[in-house]
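What follows is each chain in one-letter form.
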Amino acid sequence: MQYTGNANKFIWYILMPTIFMFYASFLFWSGTTGTQNDRDWYAAAHRVNMIELDDIDGFILGGSNAESGISAAITAEVLNQEWYNLSLSGEGSSDKNYWNFVKSSTSDESREKVQTVLYSSASVLRENAILERNSYIFKIMSLPLNFLVPSRSIASRMKEYLMGDVYPTISKLGDRDLSLSKCGENGTPRLSINNKETDKKQLSVWVLSQLKVLTGLFPNAEIVFVLPSEFYSNIDLKRSIENTEAVNAAISTFRSNNDINITLVPQSSYPSIDMLCNDGLHANPSGRVWRTNNILDSLSSIK
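Residues numbered from 1 in each chain as written. Predicted model: local features only at pLDDT ≥ 70, side-chain atom pairs only at ≥ 80, totals over all residues. Heavy atoms only, no water.

(A) Looking closely at a nonpolar patch on the surface. On the surface, Ile235, Leu237 and Ile241 cluster together to form a nonpolar patch covering roughly 320 Å² of accessible area. Among the structural elements, Ile235 can be located in the loop between strand E4 (222-227) and helix H11 (237-257). (Patch = residues over 30% accessible without salt bridge, like charges linked within 9 Å, V, L, I, M, F, W, Y side chains within 5 Å. Areas by Shrake-Rupley, 256 points an atom, 1.4 Å probe, with all protein chains shown as cover. Salt bridge = Lys/Arg side-chain N within 4 Å of Asp/Glu carboxyl O. Helix = DSSP H or I, 4+ residues; strand = E, 2+ residues; numbered from the N terminus.)

Printed below as a string of structure tokens:
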């Protein structure tokens, strides 16, 4: 009995607090130094790639929706131009992080010369996602749900430490290699719920802020503002229309005060569940082909 009591004391007073402190420390490191290291690795890889390219005509920007769903290679082939994909998973967890990443990945000269920037952000696709990304108050409020889940698992970090960098492969044009994405391994993809942001003020402030940064980084480029495709379990056309109208109104406001060519491309839903990876937002290889061509077709019809 004494042995059992000592074992219980060891578990509750030494082992459990040690595990808790280790995991808390890992979460803090993962959310700060760890994610910054990830961004630095990708930025360095992009800089190396772009050294070997001639003048870049267009950049693809955005989060994981653009990583999986938009191809620089297809865009370059169709338009007969030089395109590069600078999308980053989660857009670096905040708008500030992402724009710093874009700036550190590119030279001033390349940003000044680029003709077109295609920006596809999923921030508008979920209610309060904009605030959760950029407001410290909302970040604190969402701690129970988001903070306890690291950006990458302990196993992934340990593998990186023991074997060197462990990052998804990107092509010479910045496209993510989707053959390693393990699409469909969890069975039927988890469909999205149409929970698009409809707060007009929040959308307006965010869109105007993003356009200000975009036009500052790429002063001579046409801006293509893309609302990404999803596959919904519920349609809710009214919500989608309100979302698109609010974004379009903000773009019109910015356009009226600035001599900038900005085009809004609200993409339709994926036509088939067979184009999805593991959820309703992220495409598999065939979904990437469809979504990229859908954007290019939309731009062609507008022009």
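After that view, the rundown keeps rolling.
(B) Fine view of the sheet that holds strand E3 (residues 116-120). Here 5 strands make up an open sheet; going across it, the order is E2-E1-E3-E4-E5 and the pairing parallel. On the outer flanks of this sheet lie strand E2 (83-85) and strand E5 (262-266), each paired with one strand and no other. Shown here is a sheet whose adjacent strand axes are inclined to one another by a mean of 20 degrees, direction ignored. As judged from the 3 bridges shared by strand E1 (residues 58-62) and E2, these two strands associate in the parallel manner. Paired with Phe59 across the strands is Tyr84, a residue of E2. (Pairing = 2+ DSSP bridges. Axes fitted to C-alpha atoms, helices over the stretch in contact; angles between N-to-C directions.)

(C) Seen up close, the packing of helix H10 (residues 200-217) against H11. Running from N to C, H10 and H11 cross one another at 45 degrees; their axes reach a closest spacing of 9 Å. The angle between H10 and H11 falls in the class oblique. Two packed elements cross with a definite hand, and for H10 against H11 that hand is right-handed. In this structure, H10 uses Lys200, Leu203, Ser204, Val207, Leu208, Leu211, Lys212 and Thr215 to contact H11, whose residues at the interface are Asn243, Ala246, Val247, Ala250, Ile251, Thr253 and Phe254. Per-class residue counts for the contact of H10 with H11 are 9 nonpolar, 4 polar and 2 charged. (Parallel < 35°, antiparallel > 145°, perpendicular 65-115°, else oblique. Left-handed = near helix turned anticlockwise from the far one by under 90°. Contact = heavy atoms within 4.5 Å. Nonpolar A, V, L, I, M, F, W, Y, C, P; charged D, E, K, R; others polar.)

(D) Region of interest: the pairing of E4. With respect to burial, E4 is a largely interior element, 6 of its 6 residues being buried. Here E3 runs beside E4; their pairing, made up of 5 bridges, is parallel. From the neighbouring strand, Leu118 faces E4, where its bridge partner is Val224. Where E4 meets E5, 5 bridges bridge the pair, whose relative direction is parallel. Paired with Ile223 across the two strands is Ile262, which belongs to E5. Viewed along the sheet, the connection from E4 through H11 into E5 turns out right-handed. (Buried < 20%, exposed > 50% of the residue type's maximum accessible area, 1.4 Å probe, protein only. Right-handed = clockwise from strand over helix to strand, strands pointing away.)

(E) The confidence of the model for the protein chain, seen in detail. Of all residues in the protein chain, 75% attain a pLDDT of 70 or more, and the chain-wide mean is 84. Note on residues 28-34: pLDDT under 50 across the span, and 10 contacts to partners over four residues away in sequence or across chains. (pLDDT = per-residue confidence, 0-100.)

(F) Spotlight on the nonpolar core. Core analysis: the largest hydrophobic core is formed by 56 residues, its most contacted members being Leu61, Phe218 and Phe225. The element best represented in this core is H10, accounting for 6 residues. If sequence neighbours within four positions are ignored, Phe225 has contacts with Tyr119, Trp206, Val207, Leu211, Val247, Ile251, Thr263, Leu264 and Val265. In terms of nonpolar packing, the next biggest core, distinct from the first, is built from 5 residues, Phe231, Tyr270, Met275 and Ala283 among them. (Core = buried A, V, L, I, M, F, W, Y, C linked by side-chain atoms within 4.5 Å.)

(G) Expanded view of the packing of aromatic side chains. Tallied over the full model, the rule gives 8 aromatic pairs. Measuring from ring centre to ring centre gives 5.1 Å for Tyr98 and Trp99, while their planes differ by 55 degrees; the resulting arrangement is tilted. Across the pair, Trp99 and Tyr98 agree in class, each one buried. With a centroid separation of 5.7 Å and an interplanar angle of 50 degrees, the aromatic rings of Tyr270 and Trp290 are classed as tilted. Highlighted residues: Tyr270 in the loop between E5 and helix H12 (285-302) and Trp290 in helix H12, separated in sequence by 20 residues. Among the aromatic residues, ring-to-ring pairing joins Tyr98, Trp99, Phe101, Tyr119, Trp206 and Phe225 into one connected group. (Phe/Tyr/Trp six-rings, centres within 6.5 Å; stacked < 30°, edge-to-face > 60°.)

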